[in-house]
Amino acid sequence: MLKRILIVTSVLVVLAGCQSTAVQEAPPEVAYTEPSPEEMFGPKEPAEAEKNPTDLWERIRGGLTWQSIHNEKVGQARDAYLRQPRYLDVIAQRASLYLFYIVDEVERRELPIELALLPLVESTLNPFAVSPEHAAGLWQIMPATGKHLGLHSDWWYDGRKDIRDSTDMALDYLEALHQRFDEDWMLALAAYNSGKGRVGRARQANADKGLPTDYWSLKLPRETRHYVPRLLALTQIIAFPEAFGVDIPPVANEPVFEVANTGGQIELARAADLAGVQLNELQAINPGQLRWATSPDTPPEILLPTGTGERFHQGVAKLTEADRVRWEHYRIQRGDNLIGIAKKYDTEVGLLRQVNGIRGSMIRAGDTLMIPQGSAWASSLALAGPSGEPVRKGYRVRRGDSLYRIAGKFNVSIHDIVAWNALDPNDFLQPGQKLTLYIQGG
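Definitions and cut-offs
Residues numbered from 1 in each chain as written. Predicted model: local features only at pLDDT ≥ 70, side-chain atom pairs only at ≥ 80, totals over all residues. Heavy atoms only, no water. Helix = DSSP H or I, 4+ residues; strand = E, 2+ residues; numbered from the N terminus. Contact = heavy atoms within 4.5 Å. Areas by Shrake-Rupley, 256 points an atom, 1.4 Å probe, with all protein chains shown as cover. Core = buried A, V, L, I, M, F, W, Y, C linked by side-chain atoms within 4.5 Å. Buried < 20%, exposed > 50% of the residue type's maximum accessible area, 1.4 Å probe, protein only. Lys, Arg positive; Asp, Glu negative; His and termini not counted. Salt bridge = Lys/Arg side-chain N within 4 Å of Asp/Glu carboxyl O. Polar contact = N/O pair within 3.5 Å; in protein donor to acceptor, adjacent residues only side chain to side chain. pLDDT = per-residue confidence, 0-100. Expected span 1.5 Å × (residues − 1). Axes fitted to C-alpha atoms, helices over the stretch in contact; angles between N-to-C directions. Parallel < 35°, antiparallel > 145°, perpendicular 65-115°, else oblique. Nonpolar A, V, L, I, M, F, W, Y, C, P; charged D, E, K, R; others polar.

This brings us to the overall build of the chain. Tallying secondary structure elements over the chain gives 20 helices and 8 strands in all. A fraction of 71% describes how many contacts in the chain between residues 6 or more apart in sequence connect residues 24 or more apart. Just so you have it, the chain exposes about 22,000 Å², and 50% of that area is on carbon and sulfur atoms.

In structure tokens, the structure reads:
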């Protein structure tokens, strides 16, 4: 027992204090290798419980290999994480929805398990995150990158926010970058962050000067210089939580959602009712669906909480044509207004605005409006006042609040809360923080 305590203490000394000794022996930007856990603790046959762990973090921990890479930058990044007392709690809450799928995909491709942690660095595992540069989703994919790599995006749907589509594209891209940069994952990650052209030019500049061309030796943008160390710092914290005095809340090592065939476009509220789940639960695992109904231009699929698919399919089979989302197209005539058109088609002015992306009341003769039809639309306008107008409401964040909880309380989407308040995806909600919401009936 004493020997194990001394060994754990040595992990703390090696990882937390090596800046004052080992870094003096090599430039701080150059990585060096510490003893692996196998070298410190000796080879060990995994126990039966560890082969099929109930905790997803334990599953990840069993595949980590990069935690021994350390230098001053990694130490600084690790210390920054450890100074955020709520960080691991927030991450674990989000991981319970999204991380199992990502880990499954990374392992299926036989890629380093560390890549499954990259969304923690990119978006703090928030699929609704949008950066000031318009990168979006768990993997923070730029619009041009998504389009170039074939991700579908339109008014209804954004593949960059979809859990499955964004993960597939990000891993495809990372694999391609790995091949492009001599199968060096540090360089591939740098290119994912700053672009393969920038990393390629930095390597060539070093080669021309006879300098090393590895990641740690390159002259790269500040963000990229800190990007890889953040990922490596996370691997250390997850690999040795006890050594760093942190408690990572467990996450179930089991599927969170299943894929259901909707048979066509369907309202999210109706889908939630058919599955027997709350609307905000459905929205949380379908962040790529931007509106109150599924996209008409993508495969007729939706993600449902595990175990609800059978009930959903039974309900979908009973839907009539009137229950489905249907559309008419109306060409605006001279003298038309939204109120008159809404009355003619027995719909809401606010709904016409949302469906057609109209701000205010100005419409132009000759343009075409999409008119939603079907009984399902009667309850689909979540943001309606007495005349179909959005009603503004202030809300002060309370201790224990999350986007999911607030969205469920007011029957609005997480995506809308983020958009209405221009929230920084890397910040957490703070008690006392003021939010603006637009809800039905004030």
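Right, let's get into the nonpolar core. One finds Trp-57, Trp-139, Leu-189 and Tyr-192 to be the most contacted residues of the largest nonpolar core, which totals 94 residues. Considering every element that reaches this core, the biggest residue donor is helix α7 (residues 87–108), with 13 residues. Excluding anything up to four places from it in sequence, Trp-57 contacts Ile-91, Ala-92, Ala-95, Leu-99, Leu-117, Leu-120, Ile-238, Ile-248, Pro-249, Pro-250 and Val-251. Grouped together as the second largest cluster of nonpolar side chains are 15 residues, Ala-260, Leu-268, Ala-271 and Ala-275 included.

For Asp-162, the location among the structural elements is in the loop between α9 (143–148) and α10 (163–180). It turns out Asp-162 is buried and unbridged, and the closest side chain with the opposite charge, Arg-164, is 4.6 Å from it. In terms of polar contacts, Asp-162 uses its side chain to reach the backbone amide nitrogen of Asp-165, at 2.8 Å. Setting aside chain neighbours within four positions, we find Asp-162 in contact with Tyr-157, Thr-167 and Gly-288.

Let us now look at the pattern of salt bridges. When their charged atoms lie close together, side chains carrying opposite charge are able to pair. Enumeration over the complete set of coordinates arrives at 12 salt bridges. The salt bridge partner of Arg-59 is Asp-104, with a shortest N-O separation of 2.6 Å. Of the two residues, Arg-59 is situated in helix α5 (residues 56–61) and Asp-104 in helix α7; the sequence distance between them amounts to 45 residues. The shortest N-O distance in the salt bridge between Asp-367 and Arg-364 comes to 3.5 Å.

The pLDDT averaged across the chain works out to 83; a share of 82% of its residues lies at or above 70. The low-confidence segment residues 1–49 (pLDDT under 50) makes 65 contacts with residues lying over four places distant or belonging to another chain. In the predicted structure, residues 378–389 sits below a pLDDT of 50 and forms 31 contacts with residues beyond four places in sequence or in another chain.

Counted at 1.5 Å a residue, the expected span for α10 with its 18 residues is 26 Å, and the 26 Å between its end C-alpha atoms agrees. Along α10, the residues classified as buried are Ile-163, Ser-166, Thr-167, Met-169, Ala-170, Leu-171, Tyr-173, Leu-174, Leu-177 and His-178. The distance from a side-chain oxygen at the start of α10 to the backbone nitrogen of Arg-164 is 3.0 Å, and the residue carrying that oxygen is Asp-162. At the exit of α10 stands Asp-182, carrying a positive phi of roughly 55 degrees.

Here the focus is the packing of helix α14 (residues 268–275) against helix α16 (residues 309–317). Across the interface, α14 lies against α16 with an axial gap of 7 Å and an inter-helix angle of 120 degrees. In terms of their interaxial angle, α14 and α16 are classed as oblique. Counted together, Ala-271, Asp-273, Leu-274 and Ala-275 of α14 and Arg-311, Phe-312, Gly-315 and Val-316 of α16 form the full contact between these two elements. Taken together, the residues of the contact of α14 with α16 sort by class into 5 nonpolar, 1 polar and 2 charged.

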